[in-house]
Amino acid sequence: MAIVAPFKGFTYNLSYGQEFSKLVAPPYDVISEEEQEEYYQAHPHNVIRLILGKKKTGDTDWDNRYTRAADYLKRWESDGILVRAKEPAIYLTSLTYKPQDTENERTRWGFIALVRIEDQDSGVILPHERTFSAHKDDRLKLIRACNTQFSQIFGLYEDNENSILEACKAHAGQQPLLSFEFKDGTRHNVWVIKSPALFRLVSEAMKNKTIFIADGHHRYETSRNFRNIMRARYGRRNPNRSYEYVMMYLTNMSDEGLTILPSHRLIKWVPNFELQEFLQKAKTWFEIEDITLSNHSTRSKAEAIQDILRRKGGKRSAMGFYPNGSESCFILTLDEAKRDQMGDDLHPALKELDVLVLSRFLFQKTLGFSREELDDEKTFQYQSSLIQAIQSVESGQAQMAFFLNPTKIEQVKEVARNFLVMPRKSTYFYPKVITGLVFNKIDPHETIDTFS
């Protein structure tokens, strides 16, 4: 069962007020080198120095980005820039945003708490994407240096009545303790709730729920690896030691503000590519429709493609193909009789995924890429904005793009419940959970009160 508990949050001093927008950042794995520098310049105490410090020439085992993060952390706590709460709390958050390429606002509600780390086969906390060792090694070095979890794992649970978040709202009071607008236009509010009655309610309500990891797979596995290291050092007899827990942002799968964006595929270069040869091969599995877009603006092209994909992808796998230099976008709709030709190695739940239809039939069988080559970030790139994907092709930054519908939340659940994993970048839960609202400091001698 899922064990969820309040914790003594480690936060920036609230005296920063509206400067909070200059202290926070997205998760480390979506920050480019250019953006890293921007966050460094935004404020001397920006969280970037903790989650993604700069590498320096001459870095050693004793002086590197991880040891420097630990030095910043210790200094900022000593100077009162970071303060740890004296009482455990649950942190309720609201995030108001506009989904990419639209003007309609949504608000996503969630709460931040600790969740006991589960072993891989427990069936309580379920991933849906595979992870890579290099990313986990990087995060493990950081948590070992700092003994602090900086970014929340983004978790989803099922609650058709929305009883948990409604209870959090009822206990929160009217005015948030923290309110600011981030540079990307998203608006953030945080309420700190210290009610034992709510703690017991949330603990009881979450006990029998499954938590699906939406984002933060590498960080969750890293937390488990760190837990195992701490168990070897301090013991595992007490299941409520602080290192047995990970900080999570939890939201209801039915929340009206939950958005999954598509992850369109951009290919930098395919050797000896011939458009007509590609289309002829693709007809083996797909019905192909030629959509002329030569007189459209980029936005109107995106709207037309999105509308067609949405209509055709209701019950079938449909995707768009847009090659550089073409006046057309080609809509490829799978012949359902051919779906079983994806391969006997795939579980039926995986065969329903558009990303795997694209991978097996078009990337591998038509374009000739091997499965190993599909992980080459120099060749394959990902873009959630259809407008920006179109612009990348038209500017020559990419030779071609494949446009997708978003993966459905029901498909995420089906894959996770069968202990399967999707290809990388199969889902993009938007927006990412911002880093810097609250941290979790791990004291190996501290015991977490579960209020159960």
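What you are looking at is a predicted structure, and each value in this text was computed from that prediction instead of being measured.

Draft legend 1. Region of the structure containing the layout of surface pockets. In this structure, the second largest pocket encloses a volume near 840 Å³. Lining the second largest pocket are 38 residues, and of these Ile 260, Pro 262, Arg 310, Asn 405 and Pro 406 lie nearest its centre. At the level of elements, strand S13 (259–261), strand S14 (264–267), helix H9 (298–312), helix H11 (354–364), strand S19 (400–404) and helix H13 (409–417) are the ones that each hand at least two residues to the lining of the second largest pocket. Within the lining of the second largest pocket, the residues separate by chemical class into 12 nonpolar, 15 polar and 11 charged.

Draft legend 2. Focus on the nonpolar core. By size, the foremost hydrophobic cluster in this structure holds 93 residues, and its most contacted members are Tyr 12, Leu 367 and Phe 402. In terms of residue count, the dominant contributor to this core is H11 (7 residues). Once residues within four sequence positions are removed from consideration, Phe 402 is found in contact with His 264, Arg 265, Ile 267, Phe 278, Gly 320, Phe 321, Leu 358, Leu 362, Phe 363 and Leu 367. Counting residues in hydrophobic clusters, the runner-up holds 30 residues, among them Ile 117, Val 124, Val 202 and Met 206.

Draft legend 3. Focus on the pattern of salt bridges. Using the criterion set out here, one finds 26 salt bridges in the structure. Of the charged contacts, one joins Arg 84 and Glu 446 as a salt bridge, the two residues approaching to 2.9 Å between their closest N and O atoms. One end of the pair, Arg 84, is in strand S3 (residues 82–84); the other, Glu 446, is in the segment after strand S21 (440–441), with 362 residues separating them in the sequence. For Arg 84, a relative accessible area of 28% corresponds to the partly exposed category. Via salt bridges that share partners, Asp 59, Asp 63 and Arg 68 belong to a single interconnected network.

Draft legend 4. Inspection of the environment of Phe 361 at higher detail. With respect to the helices and strands, Phe 361 occurs in helix H11. In the structure, Phe 361 is positioned 75 residues away from Phe 286 in sequence and 9.1 Å away in space, judged by C-alpha atoms.

Draft legend 5. Here's a closer look at unusual backbone geometry. The omega torsion across Tyr 430 and Pro 431 is -10°, close enough to zero to call that bond cis. Looking at where Pro 431 falls in the secondary structure, it is placed in the loop between strand S20 (428–430) and S21. One non-glycine residue with positive phi stands out, namely Asn 272, at about 60°. Positive phi, close to 55°, is recorded for Lys 425, a residue that is not glycine. Structurally, Lys 425 can be placed in the loop between H13 and S20. The class for Lys 425 is partly exposed, based on a relative accessible area of 36%.

Draft legend 6. Focus on the pairing of S19. Among the 5 residues in S19, 5 count as buried, and that is most of the element. Burial of S19 is two-sided: the residues Met 400, Phe 402 and Leu 404 facing one way and the residues Ala 401 and Phe 403 facing the other way are all buried. Note: S14 against S19, 3 bridges, orientation antiparallel. Bridge pairing in S19 places Leu 266 opposite Ala 401. Sheet topology note: the strand S16 (residues 318–323)/S19 ladder contains 5 bridges and is antiparallel. Bridge pairing links Met 319 to Leu 404 in S19.

Cut-off values and rules
Residues numbered from 1 in each chain as written. Predicted model: local features only at pLDDT ≥ 70, side-chain atom pairs only at ≥ 80, totals over all residues. Heavy atoms only, no water. 1 Å grid on protein atoms, 1.4 Å probe; cavity = no way out; pocket = protein on both sides within 12 Å on 5 of 7 lines; lining within 4 Å. Points joined across faces, edges and corners; volume = space filled by probe spheres on them. Helix = DSSP H or I, 4+ residues; strand = E, 2+ residues; numbered from the N terminus. Nonpolar A, V, L, I, M, F, W, Y, C, P; charged D, E, K, R; others polar. Core = buried A, V, L, I, M, F, W, Y, C linked by side-chain atoms within 4.5 Å. Buried < 20%, exposed > 50% of the residue type's maximum accessible area, 1.4 Å probe, protein only. Contact = heavy atoms within 4.5 Å. Salt bridge = Lys/Arg side-chain N within 4 Å of Asp/Glu carboxyl O. Pairing = 2+ DSSP bridges.

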